[in-house]
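# Fold and geometry: a report
What follows is each chain in one-letter form.
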Amino acid sequence: MNDQYTPREEEMLDNNRDQVVHQVQSLREVQQELKEVVGDKAILVVDTLGGGARLFRQGIEKLKGRGRAYDALADIYLQHMFGGEMPDNVVDMVRYFLGRDIKVVGHNIKDGRSDKDAEISAAIFTGSPADVSKAFSSEFVDKEIRQWAGITHGEVFKRASELYTEAAARNLPIMGICYGHQVMSKMRGGDVVRSAGRGEDGASLIESGEHTEMLVGVLDRAEGIAGSIASYHSEEVAPNPRQSAIILRSTEARPEMVHGLIHIADAEFTTDTKTDIALVRSLLADSKHVGLSVQGHPEETDQEKIITFAFTEDEKLFQETGGKIVTADILDILTRFLGKHGKFKK
């Protein structure tokens, strides 16, 4: 035992180190498969002002200074996940999720800084402090977002939806995360509404459940998904069943909450699962626009304890071992989704 730490601190460090190493290794294995699919092609990451990197930094800073054990704990997360370098923005968080070998082009939706005119083969839309429902509310549409002076809920949605429309017109495969999930659902004829109760704020349990057949049938996974994902939102989607098929739901207090969708354009889902599976596979193979979206944050799930600590400063978070998390599973879904798209299929 290291005599710098008490037995309880030593156990906490060992458990968190083991969990972090396992999470990173599981993700690395899928990242290698993603690299084989993507090769040197670039993925555009549209930063809709996501705050995960800021909250991760706050959590790390709050850990440091609480004593040697918590200094070491902060270093475990920072070193294993980001090579010791603090992530600057949500694009860095997505780069962690996709893998360092993937070519990522970031586009900040507020100032427009990016190389988005580079040769882009896919697009990912991130989370945001903006609310989709407020972009359609006369009371809130022109109100500035609390964390970002100079840009409103309406402007964020307008810029995100314009980029989404451009990407869809080019038949790029698109993934939406949290706010991106909600934008994609709205653009496919669904609705975005305030969550009943308080929404979700931390680790949320999700599963494919009765929707496993669609998930497995389209992407050839051997099984469905069940586990936890970081989820921070006060709004949820009511998808258009003609354009969006459910693949993931919450398993907690509100099982009707949609956590994952496959979206299509210029076609309609039927009520026959086998027919719908064949339709999506055909659209993917023909490079027709098909989207994939998740309500949770796979790019922040491995860091969920640190991000939650930024809010709560509850040290008990690091005493808990937790169950299965789905970061690598969500990346596997994205990898298979891209692998079946005509722009990537070999």
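Residues numbered from 1 in each chain as written. Predicted model: local features only at pLDDT ≥ 70, side-chain atom pairs only at ≥ 80, totals over all residues. Heavy atoms only, no water.

Structurally, the position occupied by Thr165 is in helix H5 (residues 153–169). Residue Thr165 is classed as partly exposed on the basis of its relative accessible area of 43%. (Helix = DSSP H or I, 4+ residues; strand = E, 2+ residues; numbered from the N terminus. Buried < 20%, exposed > 50% of the residue type's maximum accessible area, 1.4 Å probe, protein only.)

A few words on the pattern of salt bridges. Under the counting rule described, the total for this entry stands at 19 salt bridges. Residue Arg170 pairs with Glu166 through a salt bridge whose shortest N-O separation is 3.9 Å. When its relative accessible area of 38% is taken as the criterion, Arg170 is described as partly exposed. Each of Arg221, Lys324, Asp329, Asp332 and Arg336 takes part in one network of salt bridges that share partners. (Salt bridge = Lys/Arg side-chain N within 4 Å of Asp/Glu carboxyl O.)

Right, let's get into unusual backbone geometry. One non-glycine residue, Leu49, lies in positive phi territory at about 75 degrees. By the secondary structure assignment, Leu49 is in the loop between strand S1 (42–47) and helix H2 (52–63). Its relative accessible area of 1% is what places Leu49 among the buried residues. In this structure, Asn171 takes a positive phi of about 60 degrees despite not being glycine. Within the secondary structure, Asn171 sits in the loop between H5 and strand S6 (174–177).

Moving on, we come to the nonpolar core. Grouped together as the largest cluster of nonpolar side chains are 78 residues, with contacts concentrated most on Leu98, Phe318, Ile330, Leu334 and Leu338. Sort the elements by how many residues they give to this core and helix H3 (residues 68–82) lands first, with 10 residues. Among residues more than four places away in sequence, those in contact with Phe318 are Met12, Asn16, Leu63, Leu73, Tyr77, Lys305, Ile306 and Phe309. Counting residues in each nonpolar core, the second largest holds 32 residues, with Ala118, Ala130, Ile151 and Val192 among its members. (Core = buried A, V, L, I, M, F, W, Y, C linked by side-chain atoms within 4.5 Å. Contact = heavy atoms within 4.5 Å.)

With 32 residues, helix H1 (residues 7–38) ought to run about 46 Å at 1.5 Å a step, and its terminal C-alpha atoms sit 46 Å apart, in line with that. Looking at the residues trailing H1, positive phi occurs at Gly39, about 60 degrees. (Expected span 1.5 Å × (residues − 1).)

Relative orientation of the contacting elements H2 and H3 amounts to 150 degrees, with a least axis distance of 8 Å. Considering their axes alone, H2 and H3 lie roughly antiparallel with respect to each other. Here H2 contributes Phe56, Ile60 and Leu63 to the contact with H3, which in turn contributes Tyr70, Asp71, Leu73, Ala74, Tyr77, Leu78 and Phe82. A breakdown of the residues in the contact of H2 with H3 according to their chemical character gives 9 nonpolar, no polar and 1 charged. (Axes fitted to C-alpha atoms, helices over the stretch in contact; angles between N-to-C directions. Parallel < 35°, antiparallel > 145°, perpendicular 65-115°, else oblique. Nonpolar A, V, L, I, M, F, W, Y, C, P; charged D, E, K, R; others polar.)

In this section: the sheet that holds strand S11 (residues 244–250). Pairing in this open sheet of 9 strands is mixed, and the strands run S2-S1-S3-S6-S13-S12-S11-S8-S9 from one edge to the other. Looking at the sheet topology across the chains shown, the edges are occupied by strand S2 (103–108) and strand S9 (226–233). Shown here is a sheet whose adjacent strand axes are inclined to one another by a mean of 25 degrees, direction ignored. In this structure, S1 lies alongside strand S3 (residues 120–125), joined through 5 bridges in parallel fashion. Following the sheet pairing, Val46 is matched in S3 by Phe125. Seen against the sheet, helix H6 (residues 179–187) touches S3, S6, S9, strand S12 (258–264) and strand S13 (290–294) and runs at an angle of roughly 120 degrees to S6. (Pairing = 2+ DSSP bridges.)

This part covers the side chain of Ser287. Tracing the backbone shows Ser287 in the loop between helix H8 (273–285) and S13. Its relative accessible area of 18% is what places Ser287 among the buried residues. Among the polar contacts listed, one links the side chain of Ser287 to the backbone nitrogen of Lys343, at a separation of 3.4 Å. Excluding its chain neighbours within four sequence positions, the residues that come into contact with Ser287 are Asn171, His341, Gly342 and Lys343. (Polar contact = N/O pair within 3.5 Å; in protein donor to acceptor, adjacent residues only side chain to side chain.)

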